[in-house]
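Coordinate analysis (summary)
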Amino acid sequence: GLLRRLLREKEGRDAEPSACVIDAQSVKTSTSVPAAGQGIDAGKKIVGRKRNIVTDTLGLLLAVLVTAASVQDSAAGARLLDQVAADHPGIRKVWVDGGYRQHLVEHAATL
C-alpha cells in the first residue's frame, strides 16, 4: 500500500485512486493440478484457472482473485468490487469489458 501511494504521488496523482480497471485472464493449468481447483472457460475452451485483477489507472495492483476458469467474470468481479470498496473507498469509477454483464454494474451502484 505505501509503495503504491508513494508512486502515485510521484506521478502527480492523489495517493488513493478514484478509478480502477477490472479484467480477467483464463490460463491453462498443468496436469498435476487437482480437478477441484480448476474448471472450463467454455468461451475460450480453456481448462484451468482464471486470474482476476483490479488495477488503478497507472496499472498498479489493487486486488487479485484466482478462481476456477469456469467462474463467471461477473461473480468474480462482484467479490473484487467488495474488496476494492472496503480497501479504497474513494473509488468512484470502474472500467470493465462486456464479460462482466449488467449484474456487476448494478452491484457497483449499490457500493
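Look a little higher up for the structure.
A short tour of the structure in this document, coming up. Just so you know, these numbers come straight off a predicted model, no measurement behind them. (Residues numbered from 1 in each chain as written. Predicted model: local features only at pLDDT ≥ 70, side-chain atom pairs only at ≥ 80, totals over all residues. Heavy atoms only, no water.)

1. Regarding the pairing of strand β1 (residues 19–28)
Two elements, β1 and strand β5 (residues 93–95), share three bridges in a ladder whose sense is parallel. Across the sheet, C20 pairs through a bridge with V94, a residue of β5. For β1 and strand β3 (residues 46–56), the ladder comprises nine bridges, and the chain directions are antiparallel. Looking across to β3, one finds that D23 is bridged to I53. (Pairing = 2+ DSSP bridges. Helix = DSSP H or I, 4+ residues; strand = E, 2+ residues; numbered from the N terminus.)

2. Quick notes on the nonpolar core
Ranked by internal contacts, the top residues of the largest apolar core, which has 15 residues, are C20, I22, V54, L80 and V84. Counting only elements with at least two residues in this core, the list comes to β1, β4 (61–68) and α2 (73–87). When neighbours within four sequence positions are excluded, L80 is seen to be in contact with I22, N52, I53, V54, A63, V64 and L65. (Core = buried A, V, L, I, M, F, W, Y, C linked by side-chain atoms within 4.5 Å. Buried < 20%, exposed > 50% of the residue type's maximum accessible area, 1.4 Å probe, protein only. Contact = heavy atoms within 4.5 Å.)

3. Section: the layout of surface pockets
By volume, the largest pocket is sized at about 260 Å³. D41, K44, K50, Q72 and D73 are the residues nearest the centre of the largest pocket, which is lined by 17 residues in total. Where the lining of the largest pocket is concerned, the elements lending two or more residues are β1 and β2 (39–41). With three residues, β1 is the largest single contributor of residues to the lining of the largest pocket. The residue makeup of the lining of the largest pocket, split by class, is five nonpolar, five polar and seven charged. Reported here for the second largest pocket is a volume of approximately 210 Å³. Along its surface, the second largest pocket is lined by L81, V84, A85, H88, P89, I91, R92, K93, V94, A108 and L111. Going through the elements one at a time, α2 and β5 are the ones with two or more residues in the lining of the second largest pocket. Looking at which element gives the most residues to the lining of the second largest pocket, the answer is α2, with three residues. Looking at side-chain class alone, the lining of the second largest pocket contains eight nonpolar, one polar and two charged residues. (1 Å grid on protein atoms, 1.4 Å probe; cavity = no way out; pocket = protein on both sides within 12 Å on 5 of 7 lines; lining within 4 Å. Points joined across faces, edges and corners; volume = space filled by probe spheres on them. Nonpolar A, V, L, I, M, F, W, Y, C, P; charged D, E, K, R; others polar.)

4. So, the packing of α2 against helix α3 (residues 101–110)
Helix packing geometry: the angle between the two helix axes and the distance between the axes. Between α2 and α3, the least distance of the axes is 9 Å, while the angle of their chain directions is 15°. As far as their axial angle goes, α3 and α2 are roughly parallel. α3 is crossed by α2, and the crossing has right-handed handedness. Contacts between α2 and α3 involve S74, G77, A78, L81 and D82 from the first element and R101, H103, L104, H107 and A108 from the second. When the residues that make up the contact of α2 with α3 are grouped by side-chain class, the tally is four nonpolar, four polar and two charged. (Axes fitted to C-alpha atoms, helices over the stretch in contact; angles between N-to-C directions. Parallel < 35°, antiparallel > 145°, perpendicular 65-115°, else oblique. Left-handed = near helix turned anticlockwise from the far one by under 90°.)

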